[in-house]
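Here is how the chains run, residue by residue.
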Amino acid sequence: VMMFGLILGGCTVATLPLAPSSLVLALMWGLAMCFGQATQISVNKQVLNLRDASGAISVVQAFRFFGSAVAPILILPLYLQRASWGFLLPGALVASLGIIVLITRRRDGGDARS
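Here we summarise the structure given alongside this text.

Calculation criteria
Residues numbered from 1 in each chain as written. Predicted model: local features only at pLDDT ≥ 70, side-chain atom pairs only at ≥ 80, totals over all residues. Heavy atoms only, no water. Helix = DSSP H or I, 4+ residues; strand = E, 2+ residues; numbered from the N terminus. Buried < 20%, exposed > 50% of the residue type's maximum accessible area, 1.4 Å probe, protein only. Contact = heavy atoms within 4.5 Å. Areas by Shrake-Rupley, 256 points an atom, 1.4 Å probe, with all protein chains shown as cover. Axes fitted to C-alpha atoms, helices over the stretch in contact; angles between N-to-C directions. Parallel < 35°, antiparallel > 145°, perpendicular 65-115°, else oblique. Left-handed = near helix turned anticlockwise from the far one by under 90°. Expected span 1.5 Å × (residues − 1).

**Notes on the overall build of the chain**
Across its full length, the chain carries four helices and zero strands. Counting from the amino terminus, the chain carries its helices and strands in the arrangement α-α-α-α. Over its C-alpha atoms, taken along the principal directions, the chain stretches across nearly 45 × 30 × 25 Å. Within the span of the chain, comprising 114 residues, buried residues form 24% of the whole. Of the contacts formed within the chain by residues at least 6 apart in sequence, a portion of 56% connects residues at least 24 apart. When the accessible area of the chain is evaluated, it comes to approximately 7,800 Å², of which 73% is carbon and sulfur surface.

**Observations regarding the environment of Gln46**
Residue position: Gln46 is located in helix H2 (residues 22-48). Among the residues examined, Gln46 registers a relative accessible area of 28% and is labelled partly exposed.

**Section: the environment of Ala14**
One can find Ala14 in helix H1 (residues 2-14). Sequence spacing of Ala14 and Cys34 is 20 residues, and the spatial spacing of their C-alpha atoms is 15 Å. Residues contacting Ala14, with those up to four places away along its chain left out, are Phe87, Leu88, Gly91 and Ala92.

**Things to note about the packing of H1 against helix H4 (residues 85-107)**
With their axes 7 Å apart at the nearest point, H1 and H4 run at an angle of 160° to one another. What the angle tells us is that H1 and H4 run roughly antiparallel. Both H1 and H4 take part in a crossing whose hand is left-handed. Across from Met2, Met3, Leu6, Ile7, Gly10, Cys11, Val13 and Ala14 in H1, the residues of H4 making contact are Phe87, Leu88, Gly91, Ala92, Val94, Ala95, Leu97, Gly98, Ile99, Val101 and Leu102.

**Some details on helix H3 (residues 53-81)**
When the terminal C-alpha atoms of H3 are compared, their 42 Å separation across 29 residues agrees well with the 42 Å that a helix rising 1.5 Å per residue should span. Regarding H3, the residues found buried are Ala53, Ala56 and Val60. Those residues of H3 hidden inside the fold are in contact with H2.

Below is the structure:
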């Protein structure tokens, strides 16, 4: 779920500037949010399986809060250079994380579907 959420969510965000209408844009954004929530739930599930789950989940939530605060600072300059870059580059980075999850899970002998 994490792998598919990252790859499909990243690809959806990257293609938002290509939406032909506001209705399609809204549907694509909703789909990207669904993939984002699936990814977040998967991260939480992975963390809650750890021995010190309460401490680890606090760290995950802190980084989530930090990422939400820093993202506009990082993405706005891209967006100001060219609006589509503000979606293409972050989407590509998120999709790349999904590919990294796929590669590392298969290399470690883990089940790539989780």
